[in-house]
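Understanding the architecture of this molecule
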Amino acid sequence: ADDLIHRLTWITTQGPHRTLYSCLYHPVSEVLGFVRDFYRKDTTCIITDIPRYYDEIRDLLSGEEPEQPEKTALPGSPQSGCNTAKQDNPDPVRLYDDSRLPLYRLYSLESTLAEATSRRVWLKSGAFLVIDPTEACTVIDVNTGKNSRKSDSETTFLNVNLEAAAEIARQLRLRSLSGIILIDFINLAKADHRGQLTEALADWLAKDPAGAFLIDLTPLQIAEITRRKRSRPLLEALHSQ
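Computed from a predicted structure; not experimentally measured. (Residues numbered from 1 in each chain as written. Predicted model: local features only at pLDDT ≥ 70, side-chain atom pairs only at ≥ 80, totals over all residues. Heavy atoms only, no water.)

Focus on the packing of helix H7 (residues 153–175) against helix H8 (residues 191–206)
- One can describe the packing of H7 onto H8 by two numbers: an axis separation of 9 Å at closest approach and a directional angle of 15 degrees. On the basis of the axis angle, H7 is roughly parallel to H8. For the crossing formed where H7 meets H8, the hand is right-handed. Listed contacts from H8 to Glu 154, Leu 158, Asn 161, Leu 162, Ala 165, Ala 166, Ala 169 and Leu 172 of H7 are His 193, Gln 196, Leu 197, Ala 200, Leu 201, Trp 204 and Leu 205. (Axes fitted to C-alpha atoms, helices over the stretch in contact; angles between N-to-C directions. Helix = DSSP H or I, 4+ residues; strand = E, 2+ residues; numbered from the N terminus. Parallel < 35°, antiparallel > 145°, perpendicular 65-115°, else oblique. Left-handed = near helix turned anticlockwise from the far one by under 90°. Contact = heavy atoms within 4.5 Å.)

In structure tokens, the structure reads:
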């Protein structure tokens, strides 16, 4: 509400001083919407090689209406630029400008996007997730995979499930999955282990700025989750380009 009041005040203040047919306000782009919804104060910096997005994101984070701020290009490694900029300049947005090494190659974005849209997600333990979005819901299956520690299967299953819970919470944000989400965890025989799993999963979901909630863990040990929709799923957004 405060943001809307501020925007209305700005429009009514600037309106009388603009020429005829001037645009006083237009909805934010999908990029700005994503930054607005998911930016956190502990974010080190946001890097872009598109000047228009640099201007818009900087204005958005500073709470100002779009103007034409002076650009400061960041050549070379953006990582080092972010670290030094935090000391010299609190501006969390950097404009990358190095024709010798495009930004998408510097961060291997092609391989990162391939991993973010893959049906199978490997975990560090050797276990993996299988993520299947459908029209009605998203189904996620947890498998032990290459995890061969069989000396105590119950402990192994608990550790795999806990690792999977953390990664699933990350994948929901990364892939922008929403609606009903069903997770088929590895069955746990002990009630206290099931309690540890539900508590850990709920804690990870509570950190989601979009709003994700654990509804229940069914007798078949399928976790029912709901997540609010903030933007289109990543796979759908990529296919529409």
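Overview of the packing of aromatic side chains
- Counted by the stated rule, this structure contains one aromatic pair.
- Stacked on the ring of Phe 128, the Lys or Arg Arg 120 has its end atom at 4.1 Å from the ring centre.
- Seen from the ring of Trp 204, Lys 207 lies directly overhead, with NZ or CZ sitting 4.4 Å from the centre. (Phe/Tyr/Trp six-rings, centres within 6.5 Å; stacked < 30°, edge-to-face > 60°. Lys NZ or Arg CZ within 6 Å of the ring centre and 35° of its normal.)

Section: the environment of Trp 204
- Within the fold, Trp 204 resides in helix H8.
- Each C-alpha atom of the pair Trp 204 and Ala 166 lies 6.2 Å from the other, and the pair is 38 residues apart in sequence.
- For Trp 204, the residues in contact, after removing those within four places along its chain, are Ala 165, Ala 166 and Ala 169.

Looking at the sheet that holds strand E9 (residues 222–227)
- Read across the open sheet, the six strands follow the order E4-E5-E6-E7-E9-E8; overall the sheet is mixed. Here the strands that pair on one side only, and so sit at the sheet edges, are strand E4 (120–122) and strand E8 (212–217). In this sheet, neighbouring strand axes are inclined to one another by 20 degrees on average, regardless of whether the strands run parallel or antiparallel.
- Strand contacts of H8: strand E7 (179–184), E8 and E9, with the helix running at about 165 degrees to E8, the strand carrying the most contacts. (Pairing = 2+ DSSP bridges.)

Some details on the pairing of E7
- Inspection of the sheet shows strand E6 (residues 138–143) paired to E7 by four bridges, in the parallel sense. When the bridges of E7 are listed, Val 139 appears paired with Leu 182.

Structural measurements only, silent on function.
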